[in-house]
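The lines below spell out each chain.
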Amino acid sequence: MRRDKNCGEIRETDIGSSISIAGWVFRRRDHGGLIFIDLRDRSGLCQIVFSPDIAGDAHTKAHDLRAEYVIAVSGEIRKRPEGTENPNIPTGMAELYVNKLEVLNEASPLPYNMEEAADAGEALRLKHRYLDLRRPEMQQNLIMRHRISKVMRDYLDEKGFLEIETPMLTKSTPEGARDYLVPSRLNPGHFYALPQSPQLFKQILMVAGMEKYFQIVKCFRDEDLRADRQPEFTQVDLEMSFVDRENVLSLMEGMMKKLFKDVMNIDVETPFQRLSFHESMERFGNDKPDLRFGLELKDMADLALKGTFKVFLDAINNRGMVKAINGKGMAALSRKEIDMLTAEAQSFGAKGLAWIKVKNGFESPIAKFFPEDVLKKMAERLEAKEGDLMMFVADKPKVTYDVLSRMRLALGERLNLIKPGYKFAWILDFPLLEWDEEESRFQAMHHPFTSPMDDDIEKMLSGNINDKDMLSSLKAKAYDIVLNGYEIGGGSIRIHRQDVQKKMFEVLDISEEDAKMKFGFLLDALQYGAPPHGGIALGLDRLVMIMVGATSIRDVIAFPKTQKAFCMMSGAPSTVEPKQLKELHIKTDVPVE
RNA sequence: GGGGUGGUAGUUCAGCUGGUUAGAACGCCGGCCUGUCACGUCGGAGGUCGCGGGUUCGAGCCCCGUCCACCCCGCCA
């Protein structure tokens, strides 16, 4: 079998030459006399023509061709007759006149129309993933993913990083996400866990003097799925020695700059905008702000105090806050439409939504609670002009931030405020610790190996572990990288001093014994000359998703799972033979109907 | 675990207030067609209305349960 060229590469310059190509039958237009076939391979489409005058034999056989038959053809490339060129495709000036047709494989009628696959049920696409992946859009996604990985791999290689593999069969880590477990046949009753990330191993590689490590690696978390979360996903994981925060940030900025230039020919602005965690919460209500549009949250507590609206005053008196956003041009909304907005806010957890229309003065059920000059100051702060709608949420900080950040995103979309492009940000100065109400103890916001800020180390070492205010004020050398409202990665400078690590466990109320059991091998390693080190992990799936403009990471993963973590194609997970369970000393305890 | 949307022909969908034989388009099968590119044209086949139960003289439509897919909350250090 010969294959001289790819379908999508046929050009005018090929006219006159005799060549062979192969691919899948995409569309056929059978005129009885002439038969036109759009032949498709990974590179694209080209039209081939069967004529009874050229090769009666091939023409007769071509009547039986159907969608997705795999064929090889040879013949002459000819210029298309005047007026029949197709300017919509790159191969549209020429066509191949077939004199020999070889049917390499037939195809059953398809379970769904591939051309309208975007509308097909996703279950169907996932079941017949090999067909879904044949679609040019999906092939483009995976080609992009390949190129993205390659650029990052090359970049890190140039910067002196070594790609080192870490174990997939590893030790369960009790904190964090639920583990996927693998039973050990040779050690009855014992289990490996699939890694949630190579965190401990990459730090050990630093102790081992590898200095710069990276890996493009699968990670596993047994938690519920979302459009941007799969049970197995890919991280671009890296760690470096003798660095501080700035080294990691500028390394990543360089990587993103090169990535977007090489893959998409887009110039990304560096350095990235930096926001403290606190500032991000204040201005956007979350720690992964979409910076492609404004609609920022403004604090209204001081102005609220100058009025007599009880809801606002109560919120402030109960350690809450009053914040607002401004809906441009939304004063035109009817009472009914505003009621629907309120219902939306309530579905996000708010008790209600207070609003003031800027329309012939101020129009609102709550306007009467505020003097005119206060209303004017509110409008001024929100930059609200005639025709705008100011929306207020008053509640505990968590609820206020959450509701308004989601209102902001919903309105940003509805009002078409989101500008195209790619807006990166670093979120910095995270709190080191987070108070867990349920367990009534502190938890590490990032993970227990994250270093406090230099200034905070002494504060922590010398402080009392029951001093809740002091501990809450500690900041971490942690950083998240955010792109268009998605957290695409995060990392930190790690603790390399034994005394600091020991204190950290004390603060987290993890006993020495517990720590030893959970992370013993890392703690051992830290005793033998650990260099200062830090790193970051990028979520490759999310990054690729954003870059190709997909709305789910399923569209950039070759074989993803459904929301119930089921593989529609292979049928995993499944029951296994009793023999297999017996070998593993496992008895199942599943309720039967 | 919770909230929402959807499930009718191979596919995408329509199906009114519960009422005769459940429709359309695409696809499929057969015929015609020498410049199409979503080719055209004539004809034909194709249905466990997701599944189970209930209400009713009568259920695709109403009620209860259940399964699957998707979106979201919880969860994801």
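One can find the structure itself at the top, above this paragraph.
Residues numbered from 1 in each chain as written. Chains lettered and ligands numbered in written order. Predicted model: local features only at pLDDT ≥ 70, side-chain atom pairs only at ≥ 80, totals over all residues. Heavy atoms only, no water.

Within the secondary structure, Phe233 is located in strand S10 (residues 232–241). In sequence terms Phe233 and Lys359 are 126 residues apart; their C-alpha atoms lie 50 Å from each other. In this structure, Phe233 is in contact with Gln196, Val217, Lys218, Cys219, Phe220, Arg221 and Asp541, ignoring residues within four places of it in sequence. (Helix = DSSP H or I, 4+ residues; strand = E, 2+ residues; numbered from the N terminus. Contact = heavy atoms within 4.5 Å.)

Here we come to the side chain of Asp228. Examined against the element boundaries, Asp228 turns out to sit in the loop between strand S9 (212–220) and S10. In this structure Asp228 comes out as buried when scored by relative accessible area, which is 18%. For Asp228, the contacting residues outside a window of four places in its chain are Tyr486, Arg542 and Ile553. (Buried < 20%, exposed > 50% of the residue type's maximum accessible area, 1.4 Å probe, protein only.)

Below, the discussion takes up the environment of Met240. Its place among the elements puts Met240 in strand S10. Separated by 323 residues in the primary sequence, Met240 and Gln563 place their C-alpha atoms 36 Å from one another. If we skip the residues at most four places from it in the chain, Met240 touches Phe161, Met206, Glu211, Lys212, Val248, Leu251, Pro532, His533 and Gly534.

By the definition in use, this model includes 49 salt bridges. For Glu115, the salt bridge identified is with Arg27, shortest N-O distance 2.4 Å. Residue Glu115 is located in the loop between strand S5 (94–105) and helix H2 (122–127), and its partner Arg27 is located in strand S1 (residues 18–30); the two are separated by 88 residues in the primary sequence. Looking at Arg27, the relative accessible area reads 31%, which means it is partly exposed. The salt bridge partner of Glu232 is Lys561, with a shortest N-O separation of 2.9 Å. With a gap of 329 residues between them, Glu232 in strand S10 and Lys561 in the loop between helix H17 (540–548) and helix H18 (578–583) connect regions that are remote in the sequence. Of the residues examined, Lys561 reaches a relative accessible area of 18% and is grouped as buried. Residues joined in a network through salt bridges with shared partners are Arg125, Arg129, Asp132, Arg135, Glu137 and Asp555. (Salt bridge = Lys/Arg side-chain N within 4 Å of Asp/Glu carboxyl O.)

Attention now moves to the protein's contact with RNA strand B. Every one of the 47 residues lining RNA strand B counts as a neighbour, but Asp30, Thr84, Tyr97, Asp224 and His446 are closest to it. Sugar plus phosphate: this is where 49% of the atoms of RNA strand B within 4 Å of the protein reside. Contacts to RNA strand B include His446, whose backbone N or O atom sits 2.3 Å from a sugar or linking oxygen. Of the residues that constitute the surface near RNA strand B, the class distribution is 15 nonpolar, 13 polar and 19 charged. (Near = heavy atom within 4 Å. Polar contact = N/O pair within 3.5 Å; in protein donor to acceptor, adjacent residues only side chain to side chain. Nonpolar A, V, L, I, M, F, W, Y, C, P; charged D, E, K, R; others polar.)

A word on the sheet that holds S10. On the basis of which strands lie adjacent, the open sheet formed by eight strands has the order S6-S9-S10-S22-S21-S20-S17-S11 and mixed pairing. Two strands close off the open sheet at either side, each with one partner strand: strand S6 (162–163) and strand S11 (273–276). Lying over the sheet, helix H5 (residues 199–207) contacts S9, S10 and strand S22 (533–539), oriented at roughly 20 degrees with respect to S10. (Pairing = 2+ DSSP bridges. Axes fitted to C-alpha atoms, helices over the stretch in contact; angles between N-to-C directions.)

Spatial ordering of the closed barrel is given by S1-S2-S3-S5-S4, a layout of five strands whose pairing is mixed. Along the sheet, successive strands turn relative to each other by an average axial angle of 55 degrees, direction set aside. Pairing between S1 and strand S2 (residues 35–41): six bridges, direction antiparallel. Across the sheet, the residue bridging to Arg27 is Asp38, located in S2.

Attention now goes to a nonpolar patch on the surface. On the surface, a nonpolar cluster with roughly 310 Å² of combined accessible area is contributed by Tyr130, Phe559 and Met569. Structurally, Met569 can be placed in the loop between H17 and H18. Take Met569: its relative accessible area is 33%, and that puts it in the partly exposed class. (Patch = residues over 30% accessible without salt bridge, like charges linked within 9 Å, V, L, I, M, F, W, Y side chains within 5 Å. Areas by Shrake-Rupley, 256 points an atom, 1.4 Å probe, with all protein chains shown as cover.)

These values are about where atoms sit, not about what they do.
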